[in-house]
Amino acid sequence: MRIGILGSGLMGGKLGTLLARAGHEVAFSYSRSRQKLKRLARQAGGKARAGTPREAAENADALLLAVHWLKTDDVLSQAGNLSGKVVITCSLPMNAENTELVVAHTSSGAEELARRVPRARVVSAFGTVPSEVLFAVFAARRRKARPSLVYCGDDLAAKKMAAGLIRDVGFDPVDAGPLRTARYIEPFTLLVAQLAYEGEGGPELAYQFERLAKSKSLRR
Ligand SMILES: NC(=O)c1ccc[n+]([C@@H]2O[C@H](COP(=O)([O-])OP(=O)(O)OC[C@H]3O[C@@H](n4cnc5c(N)ncnc54)[C@H](OP(=O)(O)O)[C@@H]3O)[C@@H](O)[C@H]2O)c1
């Protein structure tokens, strides 16, 4: 697939690199340093390239939005018309200090984004893990037990595409339903961040959901 990265920082830089290594054609964009975008493309290998947000969006099968919430409008305006595009967002609607969600409870960053690009097909994915764990997850992708990664959205074809990319990075995709589920996913991410950055053991943290089959005698 052709994947445009809108925001090539900790998340976009790493996810773009891993998706390129998984065989996708990746275009890195939206950094303050053109040199950095070129370096990311060179190090990712394959057909990775550096470009402007508009170039990254043109002909892309999917876009990864990975910018600070306050930069959303800026990058969207630079990307141009996103009608019909699959936009996978890992962005959290945080305030400037990164201390609080500025959209929550009755809406979510993902839903707010979908309102800003009404004709795009928005999926929320990848935001629930710290960037520090991504390379380790990719390296361990051949193991049987993969970490989970929740995603949600309203467009089934777009979600299917996102699930494939989630698998390519090394996670087990967990479909959390419609885009409004991002109202629960985004606060959950703050819990993961708390454990990753304030807990013991460091930020290389992922999570795994487990369904336990009940024995018949215990089933109600
Ligand atoms: N980091 C994580 O572990 C993590 C985990 C889950 C979710 N998230 C969410 O994912 C999104 C991206 O986070 P991130 O940590 O990848 O952010 P980041 O490292 O700061 O990357 C943001 C990107 O936007 C670019 N950018 C372009 N113009 C900018 C400007 N004027 N001011 C600031 N940045 C500008 C940055 O450019 P430069 O290349 O010049 O810096 C960078 O490439 C955020 O919404 C965050 O809440 C992050």
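One structure accompanies this document, and this report is about it. (Residues numbered from 1 in each chain as written. Predicted model: local features only at pLDDT ≥ 70, side-chain atom pairs only at ≥ 80, totals over all residues. Heavy atoms only, no water.)

**Some details on the environment of Gly16**
Tracing the sequence through the fold places Gly16 in helix H1 (residues 10-21). In this structure Gly16 comes out as buried when scored by relative accessible area, which is 0%. Separated by 24 residues in sequence, Gly16 and Leu40 have C-alpha atoms that sit 8.6 Å apart. Ignoring sequence-local partners within four residues, the contact set of Gly16 consists of Ile5, Met11, Val26 and Phe28. (Helix = DSSP H or I, 4+ residues; strand = E, 2+ residues; numbered from the N terminus. Buried < 20%, exposed > 50% of the residue type's maximum accessible area, 1.4 Å probe, protein only. Contact = heavy atoms within 4.5 Å.)

**A word on the side chain of Arg183**
If you trace the backbone, Arg183 turns up in helix H8 (residues 182-198). Here Glu111 takes part through its side chain, which lies 2.8 Å from a polar atom of the side chain of Arg183. Arg183 has contacts with His105, Thr106, Ser107, Ser108 and Glu111, leaving out every residue within four places of it along the chain. (Polar contact = N/O pair within 3.5 Å; in protein donor to acceptor, adjacent residues only side chain to side chain.)

**What to know about the site of the ligand**
The environment of the ligand is formed by 21 residues, the closest being Met11, Ser31, Arg32, Lys36 and Val67. Between the ligand and Leu10 there is a distance of 2.9 Å, counted from an oxygen atom to a backbone nitrogen or oxygen. Contact distances for the ligand include 2.6 Å between an oxygen atom and a side-chain N or O atom of Lys36. Burial of the ligand by the surrounding chains reaches 78%, relative to a free accessible area of 880 Å². (Near = heavy atom within 4 Å. Areas by Shrake-Rupley, 256 points an atom, 1.4 Å probe, with all protein chains shown as cover.)

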